[in-house]
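# Per-entry structural report
Each chain is listed here by its residues.
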Amino acid sequence: MASSSFSSFSSTHQWKYDVFLSFRGEDTRMGFTDHLYAALRQKGIDTFMDDQLRRGEQISPALLTAIENSRISVIVFSENYASSSWCLDELAKILDCVNVLGHKALPVFYKVDPSHVKRQEGCYAEAFAKCEQIYRENMEKVNKWKAALTEVATISGWDSRDRHEAKLIEEIVGDIWNKLDRTSSSCRNVLVGIESRVKKMNDLLCIESLDVRMVGIWGMAGIGKTTIVDAIYEQIYALFEGSCFIPNVREKSRKDGISFIKDRLHNKKVLIILDDVDQQEQLEGLVGNRDWFGPGSRVIITTRDRHLLTYPEVNETYEATELENDEALELFCRHSFRHKDVSEDFKQLSGRALDYTRGLPLALKVLGSSLHTKSKCEWESELAKLKQFPNQKVQNVLKTSLEGLDKNDLGIFLDVAFFYKGHNKDFVGEILESCGFFFSTGIRNLVDKSLITILEKKLWMHDLLQETGWEIVKQESEVLGKRSRLRIHEDINHILTTTTGTEAIEGMFLDSIASKELNYSVDTFEKMKRLRLLKVCNMQKDGSSEYLSVKELKAHAHDSWGRINYDWIERNYLYTQCRLHLYGNFKFLSNELRSLYWHGYPLNSLPSNFHPEKLVELNMCFSQLKQLWEGSKAFEKLKFMKLSQSQHLTKTPDFSGAPNLERLILEGCTSLVEVHPSIGFHKKLIFLNLDGCKNFKSFSTSIHMESLQILTLSGCFKLNKFPEVQGNMEHLLELSLEGTAIKGLPSSIENLTGFALLNLKD
């Protein structure tokens, strides 16, 4: 057959099938057409073949839709084709799609003379003689059929006469495959960054090896896994005896796939791609084990769940990652401008689009296409709208990744999305474990499902996944006070101003750095009885050094000694004066709190009836606190306390009620005179920082802190005596006494047997 170029398809039309088969059932259903259908499917070509007996004269709407949704129609002209009005209506519809949708028609002349079809001679003349009698009242329809036959018969096709059917079918399938090119020429133009990713996968596939290999590719939704395996399939399918591409495995029944693989591909050298697997049972049912396949076979699995790739038959895995900046820009431009370079007038706006999409191919394509041909003003509006109304096409895809999560894993995901993105994993684990979550197993599941990543011990997620989490909570209720988590300043301000909070609220994060003065009644928290996470922050930067590992803490402390600037404390305090004020008698704060993070807390002490026995973190830097509470209180689970730069704080409470405290940060508390002596014999404290407490005089007459690893007393100008060390403190690694009035150390310092660094610089 003469080669003909495959016209580019409409860029907006979504094809459901690769090929539609038009044929006369009584002539070829049980023979040639059935064999052709099987060969097309074996090559992974998605083919529609009507397997129902046709009755009546009206073609079914389902068949018309199937034609519209197919890229190519193969018309098998046989002896009795023209005697079926159903077939002739199919043919007319196919030509309409050729002219309107960029559809392609390919004729096969099965045991008939092509000229008889073209001129309606021979058996085709006999058929039309009958048609003219039946449709004598509608000759316009008959003439349309004749014109359709003439037009299609002029297209270069295949003549089956004097040909071996097996060879003919092989030729037809090969030609169709070349025309389809699976990704089509218009799509290939926007496969940005694909080469390097395909190369990495090919290295893992080891095509030259004769063993049977299974390779998995995993990554978040929209990251481009299917695009990568599509490109690989196109590149290597011809090297195999058979091939099968099963898309959207999670959405389809496995019955047909299992039957096809076992019946058609068993014991052959095959290429099988299972796209979007989400259950181990799918792997077991579809590919079983390597013994199913012949030497040299390759199975490629794509999934969002890395854990599925621990399936024992999987040899190698590859993680699909976001596009690099230059790749992301090119992909975005190809969809927004239809070429690879950004328009000069749209550079800044394109940068904003890239910041939003963060290298996610799906988002780059969807957002770029939505901005195509629009003005700068429309771009501005669209990008601004995304802050409040995320793109639904992207959101719908990303939400599918969360649908299978249980209550534990979803709760952890939402807490990270709202409060703990970028925070230390171990610290977040302490907080969320205390909330009743099974953090270790939950975070492992979320990492495996590509929903959370851990980099340098910190929790991260893609910005668009974070946005998806926000949207899920937003859909809990139209009423702000009935949502479980809140983070938008305007929403929180409304609830605190109108006192409309409810028991539904579990977490709240108010960043007031850009706010005007805020004045709230103390009663505003009274109804939030289930509040477990409260963060009020009015600082532009929070180093959070107290949550570093011991090794990192050492590096941080050592580095800070060379650059202490005590004037910074005063300047920073003035800069971060609290903008949030409470009026009234503050009596209630939820006893369910696990984390109380309130920078610039405006009152002199915590409520007297505040008994947060579940509290794990107390972080109240730059507060107006003079003291936390009177006497001893039970803070059984408290592990982290930070009151840095609380310039009115004069003394600390009795720490005997906080036996699990591990880190105490009092840096820059310039009015602090003494620390309660109970701290000197605390058994679990590992980090104590009193840096810059310039009026601090009394630490403790003696200490025996079994777990202490870092003690910083730098800048405590009035501290003139280091306490006696009672018993072995073998874990203390670093002691900083720089800028103190201490002139000598007691002989009991020898009990600090684990010393690695001692700083005595004036």
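As a starting point, this report considers the structure included with it. (Residues numbered from 1 in each chain as written. Predicted model: local features only at pLDDT ≥ 70, side-chain atom pairs only at ≥ 80, totals over all residues. Heavy atoms only, no water.)

This part is about the overall build of the protein chain. Across its full length, the protein chain holds 25 helices and 27 strands. Burial analysis of the protein chain (762 residues in total) assigns 54% to the buried set. Accessible surface for the protein chain amounts to roughly 34,200 Å². Of this, 48% is attributable to carbon and sulfur atoms. (Helix = DSSP H or I, 4+ residues; strand = E, 2+ residues; numbered from the N terminus. Buried < 20%, exposed > 50% of the residue type's maximum accessible area, 1.4 Å probe, protein only. Areas by Shrake-Rupley, 256 points an atom, 1.4 Å probe, with all protein chains shown as cover.)

Taking strand neighbours across the sheet as the criterion, the 11 strands line up as β13-β14-β16-β18-β19-β20-β21-β22-β24-β26-β27 in an open arrangement whose pairing is parallel. The open sheet terminates on both sides in strands that have one partner only, identified here as β13 (485-486) and β27 (757-759). Bridge analysis of strand β19 (residues 617-619) against strand β20 (residues 640-642) gives 3 bridges, and the strand direction is parallel. Counted as the bridge partner of L618 is M641 from β20. Together, β13 and β14 (507-511) form the strand contacts of helix α23 (residues 489-498), whose direction differs from that of β14 by roughly 110°. (Pairing = 2+ DSSP bridges. Contact = heavy atoms within 4.5 Å. Axes fitted to C-alpha atoms, helices over the stretch in contact; angles between N-to-C directions.)

Right, let's get into the packing of aromatic side chains. Here the distance between the centres and the angle between the planes together describe a pair of aromatic rings. Evaluation of the coordinates by the stated rule reveals 21 aromatic pairs. Here F337 and F346 contribute two aromatic rings whose centre-to-centre distance is 5.7 Å and whose plane-to-plane angle is 65°, an arrangement assigned as edge-to-face. For the ring pair F418 and F419, a centre distance of 5.9 Å and an interplane angle of 45° mean the geometry is tilted. Taken individually, F418 and F419 each receive the classification buried, so the pair is uniform in this respect. Taken together, the aromatic side chains of F418, F419, Y420, F427 and F640 make up a single cluster linked through ring pairs. Across the ring face of Y597, the terminal group of K535 is positioned such that the distance to the ring centre comes to 4.6 Å. (Phe/Tyr/Trp six-rings, centres within 6.5 Å; stacked < 30°, edge-to-face > 60°. Lys NZ or Arg CZ within 6 Å of the ring centre and 35° of its normal.)

Attention now goes to unusual backbone geometry. One non-glycine residue, D162, lies in the positive phi region at around 60°. Structurally, the position occupied by D162 is in the loop between β5 (158-159) and α8 (165-180). Although it is not a glycine, Q645 sits at a positive phi angle of roughly 55°. Summarising the element assignment, Q645 is placed in the loop between β20 and β21 (663-665). Under the relative-accessibility criterion, Q645 is labelled buried at 5%.

It is at 10 Å that the axes of helix α6 (residues 123-134) and helix α7 (residues 139-153) come closest, and there the two elements cross at 160°. One finds that α6 runs roughly antiparallel with respect to α7. In terms of crossing hand, the pair formed by α6 and α7 is right-handed. Within the contact between the two elements, α6 uses Y124, F128, C131 and E132 and α7 uses M139, V142, W145, K146 and L149. The class makeup of the residues in the contact of α6 with α7 is 7 nonpolar, no polar and 2 charged. (Parallel < 35°, antiparallel > 145°, perpendicular 65-115°, else oblique. Left-handed = near helix turned anticlockwise from the far one by under 90°. Nonpolar A, V, L, I, M, F, W, Y, C, P; charged D, E, K, R; others polar.)

Below, the discussion takes up the sheet that holds strand β4 (residues 104-109). On the basis of which strands lie adjacent, the open sheet formed by 5 strands has the order β2-β1-β3-β4-β5 and parallel pairing. Of all strands in the sheet, those with a lone pairing partner are β2 (47-48) and β5, marking the two edges. Pairing between strand β3 (residues 70-77) and β4: 6 bridges, direction parallel. Looking across to β4, one finds that I75 is bridged to P107.

Bringing the environment of E380 into the picture now. Inspection of the secondary structure assignment puts E380 in helix α17 (residues 376-385). Under the relative-accessibility criterion, E380 is labelled partly exposed at 39%. Sequence-wise, E380 and L349 are 31 residues apart; in three dimensions their C-alpha atoms are separated by 7.3 Å. Excluding anything up to four places from it in sequence, E380 contacts L349 and R352.

Here we take up empty space enclosed by the protein. Scanning all chains against the criterion turns up 4 cavities of 30 Å³ or more. Roughly 140 Å³ of volume is contained in the largest cavity. Along the wall of the largest cavity there are 14 residues; nearest its centre are V192, G224, T227, L323 and P361. In terms of residue class, the lining of the largest cavity is built from 9 nonpolar, 3 polar and 2 charged. (1 Å grid on protein atoms, 1.4 Å probe; cavity = no way out; pocket = protein on both sides within 12 Å on 5 of 7 lines; lining within 4 Å. Points joined across faces, edges and corners; volume = space filled by probe spheres on them.)

One can describe the packing of helix α14 (residues 325-336) onto helix α16 (residues 361-371) by two numbers: an axis separation of 7 Å at closest approach and a directional angle of 35°. The handedness of the crossing between α14 and α16 is right-handed. Note on element contacts: α16 touches α14 through P361, L364, K365, L367, G368, S369 and L371, opposite A328, L331, F332, H335 and S336. Counted by class, the contact of α14 with α16 contains 7 nonpolar, 4 polar and 1 charged residues.

Another aspect to go through is a nonpolar patch on the surface. On the surface, a cluster of nonpolar side chains totalling about 230 Å² of accessible area is made up of L745, L758 and L760. Secondary-structure assignment places L760 in the segment after β27. Given a relative accessible area of 47%, L760 falls into the partly exposed group. (Patch = residues over 30% accessible without salt bridge, like charges linked within 9 Å, V, L, I, M, F, W, Y side chains within 5 Å. Salt bridge = Lys/Arg side-chain N within 4 Å of Asp/Glu carboxyl O.)

Attention now moves to the environment of F439. If you trace the backbone, F439 turns up in helix α21 (residues 439-448). Since its relative accessible area comes to 5%, F439 is described here as buried. Separated by 27 residues in the primary sequence, F439 and I412 place their C-alpha atoms 7.3 Å from one another. Ignoring anything within four residues of it in the chain, the contact list for F439 reads I412, K425, V428, G429, L432, E433 and L459.

The next subject is the pattern of salt bridges. Oppositely charged side chains are able to pair whenever their charged atoms sit close together. Under the criterion given, the structure shown has 32 salt bridges. Close ionic contact of E327 with R197 constitutes a salt bridge, the shortest N to O distance being 3.3 Å. Of the two residues, E327 is situated in helix α14 and R197 in helix α10 (residues 194-205); the sequence distance between them amounts to 130 residues. E327 gets classed as buried once you look at its relative accessible area, which sits at 15%. Judged by its relative accessible area of 10%, R197 is buried. The closest approach of N and O atoms between R444 and D448, which form a salt bridge, is 3.0 Å.

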